[in-house]
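What follows is each chain in one-letter form.
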Amino acid sequence: MKGLFKSKPRTPAELVRYMRELLIFIDRGAQTREQKREKQREEKVSELNKCILEIRTILYGIDGAEPVSEACAQLTLEFLKEDTIRLLIVCLPKLDLGARQNATRVITNLSRQRVNSRLIAAEYLENNIDVINILIPGYEDSEIALSYGAILREYIRYQIVARYVLESAQMKKFFDYVQNPTFEIASDAAATFKELLTRHKSTVAEFLSKNFDWFFREYNSQLLQSPNYITRRHAVKLLGDMLLDRSNSAVMIRYVSSLDNMRILMNLLRESNKAIQLESFHVFKLFVANQNKPPEIVSILVTNRNKLLRFFGDFNIDKEDDQFEADKAQVIREITNLNPQADDGVQ
């Protein structure tokens, strides 16, 4: 007889509303955990885990089947209606690992959902940009860092979010986050840092121009001169990506006109690690190629000419690379032809 009275499956919108009720219960329960309510709480947690999994299944499909667009649209609209996205983000630390991973995938998927051809997540973030202030400090909590990092990178796909983070005081915290002693967290923070500084070209160029002095002072001292090999390697690679981007041409000229910056790169070239040497070469060649070198840079290059020519004569990489060989030949040619008498800095 029981089978005759099975409950009707919840619609996508009903699922979201039910999940919201469960989240509110668990959020409040975390503050007042009375023993008599513990069993009830465990039941609610189990229901919540099932609910989040069901929502994830609707968004991603199951057994190779494509998700149903109408169901996804209903889910997305219901999530945004009462700001359930924010509630889920706030409650992520209270979920167990499996539910947290599923919830993270739900949130990142929702940010790409289109409803009537509109990416309404962009509109949501524009009106609720402060939700980013919940995500960034997540790197300070090892339990939640990777989940909040994944969501933050997904949101940074939107230019308004990237600009908000770049212009916020929290941007400076990334210099600490990328040096987290836990490798996984440091790597995740480095991926977010790179996304912030490479995805939206015009926004990045504006940020670097306005914040050149403090940003590169911190970048040089904390990252390029870090005692940690992985930090230095990631930093010099990202520096090359930024300076070689055409959108940052004015920033590049400013950076390669500094003797202090060149000294840092010359020291990195001397590292025993081939990967750091190669990435450093890609930046160092910009100093040499600059046709308006300041006199102090010309002087250092001339003083160290013989050492540099010997170094680059022996400098090779493990695989054949015609572009690398061409760049190296150009650097050797430029250094060889430097005029030690030049006092105007123009080559």
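Values in this document were obtained by computation on a predicted structure and should not be read as measured data.

Undergrad: Explain the layout of surface pockets to me, and be specific about the residues and the numbers.
TA: By volume, the largest pocket is sized at about 330 Å³. Lining the largest pocket are 20 residues, and of these Val178, Ala190, Ile230, Thr231 and His234 sit closest to its centre. The class makeup of the residues in the lining of the largest pocket is 11 nonpolar, 7 polar and 2 charged. If you add up the space inside the second largest pocket, you get close to 270 Å³. Arg263, Met266, Asn267, Leu269, Arg270, Asn304, Lys307, Leu308 and Phe311 together form the lining of the second largest pocket. Secondary structure elements with two or more residues in the lining of the second largest pocket: α16 (259-269) and α19 (305-314). Counting residues per element, the lining of the second largest pocket draws most heavily on α16, at 4 residues. Residue classes in the lining of the second largest pocket are distributed as 4 nonpolar, 2 polar and 3 charged.

Undergrad: Provide a residue-level description of the state of the cysteines, including the pertinent values.
TA: Evaluated as defined, the whole model comprises 0 disulfides. No disulfide involves Cys51; its nearest neighbouring cysteine sulfur is the one of Cys91, lying 13 Å away. As a non-bridged cysteine, Cys72 has Cys51 as the owner of its nearest cysteine sulfur, 15 Å distant.

Undergrad: Run through empty space enclosed by the protein, naming residues and quoting values.
TA: This model, assessed by the stated rule, comprises 2 cavities of 30 Å³ or more. Looking at the second largest cavity, its volume works out to about 30 Å³. Lining the second largest cavity, in full, are Ile85, Ile107, Leu110, Ser111, Ala121, Tyr124, Leu125 and Tyr155. Contributions of two or more residues to the lining of the second largest cavity are made by α5 (97-110) and α6 (120-127). Among the elements that line the lining of the second largest cavity, the one with the most residues is α6, at 3 residues. When grouped by side-chain class, the residues that make up the lining of the second largest cavity number 7 nonpolar, 1 polar and no charged.

Reading the values: the criteria
- Residues numbered from 1 in each chain as written.
- Predicted model: local features only at pLDDT ≥ 70, side-chain atom pairs only at ≥ 80, totals over all residues.
- Heavy atoms only, no water.
- 1 Å grid on protein atoms, 1.4 Å probe; cavity = no way out; pocket = protein on both sides within 12 Å on 5 of 7 lines; lining within 4 Å.
- Points joined across faces, edges and corners; volume = space filled by probe spheres on them.
- Nonpolar A, V, L, I, M, F, W, Y, C, P; charged D, E, K, R; others polar.
- Helix = DSSP H or I, 4+ residues; strand = E, 2+ residues; numbered from the N terminus.
- Disulfide = S-S within 2.5 Å.

Distances and angles like these do not, on their own, reveal function.
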